[in-house]
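Below, each chain spelled out in residue letters.
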Amino acid sequence: MTTKLQPTGLTVHQQSKQLEVSFDDGRRFQIPFELMRVYSPSAEVQGHGPGQEVLQHGKRDVGIVDIVQVGHYAVQPKFSDGHESGIFTWEYLYFLGSEQPDLWRQYEARLQQAGIDRDAPMPQAGGHACGNH
């Protein structure tokens, strides 16, 4: 039987651009805002199905301008680039924190494969938030 992870602390560090989150198993993570933004669980980033992911870039300097708790299971940050549709469950934040080195490697490999610079600005999306309609 698996137990649900529960946060014991959550701090937004504006200067270092990191979300610090502590869990009841004693682990504590400092998750860069950029990593959160490029791996946002939103449909705008993940798409509506496999193969529809939208590679994010130009997010190195993204900030969090607001963060609200969603029930007892998640938080929803509003990023400085206007993105606010990602709901980050405690389990997903734990995943981002514990898998950071691999996630960064995968992200950099995807950028390289696409021939996109990490700091290249995203094209302006028009219309709807997820950009697929």
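Structure shown above.
Treat the numbers as computed from the prediction; the structure is a model and nothing was measured.

Give a detailed account of the sheet that holds strand β3 (residues 28-32), specifying residues and quantitative values.
Strands sit in the order β1-β2-β3 across an open sheet of three strands; the sheet is antiparallel. Pairing within the sheet leaves two strands with one partner each, and these edge strands are β1 (7-13) and β3. For this sheet, the mean inter-axis angle between neighbouring strands, taken without regard to orientation, is 15°. Bridge count between strand β2 (residues 18-23) and β3: five bridges; the pairing is antiparallel. The residue of β3 that forms the bridge with V21 is F29.

Explain the nonpolar core to me, and be specific about the residues and the numbers.
Counting 26 residues, the largest nonpolar core has F23, I31, M36, Y39, F88, L93 and L96 as its most contacted members. Elements supplying a minimum of two residues to this core: β2, β3, α1 (33-38), β5 (74-79), α3 (90-98) and α4 (100-114). Broken down by element, the residue count for this core peaks at five residues, all from α3. Discounting chain neighbours no more than four positions away, the residues touching F88 are M36, S40, P41, Y73, A74, V75, P77, F79, L93 and L96.

Rules used throughout
Residues numbered from 1 in each chain as written. Predicted model: local features only at pLDDT ≥ 70, side-chain atom pairs only at ≥ 80, totals over all residues. Heavy atoms only, no water. Pairing = 2+ DSSP bridges. Helix = DSSP H or I, 4+ residues; strand = E, 2+ residues; numbered from the N terminus. Axes fitted to C-alpha atoms, helices over the stretch in contact; angles between N-to-C directions. Core = buried A, V, L, I, M, F, W, Y, C linked by side-chain atoms within 4.5 Å. Buried < 20%, exposed > 50% of the residue type's maximum accessible area, 1.4 Å probe, protein only. Contact = heavy atoms within 4.5 Å.

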